[in-house]
Amino acid sequence: GFVPGLFGTSHGALQFMAYEDLKQRYNKYRNRVSDTKLNTLEYIMMAAVSKIFAVSATYPYQVVRARLQDQHNTYSGVFDVIHRTWR
């Protein structure tokens, strides 16, 4: 589970990337300068959407990592975990 665990660092990067992209697109849509600060409601919405994106993108790897670390099951590798989980 160590190698899949390394992919966990991508969660924060994906969330930050999505947040910044959403913020820039929203400000462009509102005809504002791209680095204009958001109000509280806008900030909450951008943060929530970017978090949902990051979780959706990284959750499958977390399942694989957890199953590889499970001491009660024996898997022959990542592809075995994916195959047996899919089944």
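Residues numbered from 1 in each chain as written. Predicted model: local features only at pLDDT ≥ 70, side-chain atom pairs only at ≥ 80, totals over all residues. Heavy atoms only, no water.

By convention, interface size is frequently given as the accessible area that disappears when the constituent parts associate. Here the protein chain is described as being made up of domain 1 (1-35) and domain 2 (37-86). Between the C-alpha centres of domain 1 and domain 2 there is a distance of 16 Å. Across the boundary between the two partners, domain 1 contributes 19 residues, which contact 19 residues of domain 2. Roughly 1,600 Å² of surface becomes buried between domain 1 and domain 2 when both sides are summed, with 71% attributable to carbon and sulfur atoms. At the boundary of domain 1 and domain 2, one finds one salt bridge. (Domains from an automatic or database assignment. Contact = heavy atoms within 4.5 Å. Buried area = accessible area lost by both parts, 1.4 Å probe. Salt bridge = Lys/Arg side-chain N within 4 Å of Asp/Glu carboxyl O.)

Another point: the packing of helix α3 (residues 40-69) against helix α4 (residues 78-86). If you want to describe how two helices pack, look at the angle between their axes and the distance between the axes. Two elements in contact, α3 and α4, have axes whose closest approach is 10 Å; the angle formed by their N-to-C orientations is 110°. Classed by the angle they form, the pair α3 and α4 counts as roughly perpendicular. Facing α3, whose interface residues are V63, V64, R67 and L68, α4 presents V78, V81, I82 and T85. Its residues assigned to classes, the contact of α3 with α4 shows six nonpolar, one polar and one charged. (Axes fitted to C-alpha atoms, helices over the stretch in contact; angles between N-to-C directions. Helix = DSSP H or I, 4+ residues; strand = E, 2+ residues; numbered from the N terminus. Parallel < 35°, antiparallel > 145°, perpendicular 65-115°, else oblique. Nonpolar A, V, L, I, M, F, W, Y, C, P; charged D, E, K, R; others polar.)

Okay, the UniProt feature "repeat: Solcar" (unreviewed entry) in the protein chain next. Under the present numbering, the feature "repeat: Solcar" (unreviewed entry) in UniProt falls on residues 38-87. Along residues 38-87 the backbone is 78% helical and 0% strand, and the end-to-end C-alpha distance reaches 45 Å. (UniProt positions renumbered as here; feature names shortened; annotations may be inferred.)

Following the sequence through the fold, D80 ends up in helix α4. At 3.0 Å, the side chain of D80 forms a polar contact with the backbone nitrogen of S76. Discounting residues that sit within four places of it in the chain, D80 has contacts with T74 and Y75. (Polar contact = N/O pair within 3.5 Å; in protein donor to acceptor, adjacent residues only side chain to side chain.)

This part covers the pattern of salt bridges. Considering all chains together, one arrives at three salt bridges under this definition. A salt bridge links D21 to R25; the nearest nitrogen and oxygen atoms lie 2.8 Å apart. Taken together, the positions of D21 and R25, both in helix α2 (residues 10-29) and four residues apart, correspond to about one turn of that helix. D21 gets classed as partly exposed once you look at its relative accessible area, which sits at 33%. Among the salt bridges present, the one from E42 reaches R32, with a minimum N-O distance of 3.3 Å. With a gap of ten residues between them, E42 in helix α3 and R32 in the loop between α2 and α3 connect regions that are remote in the sequence. What makes R32 partly exposed here is its relative accessible area of 26%. (Buried < 20%, exposed > 50% of the residue type's maximum accessible area, 1.4 Å probe, protein only.)

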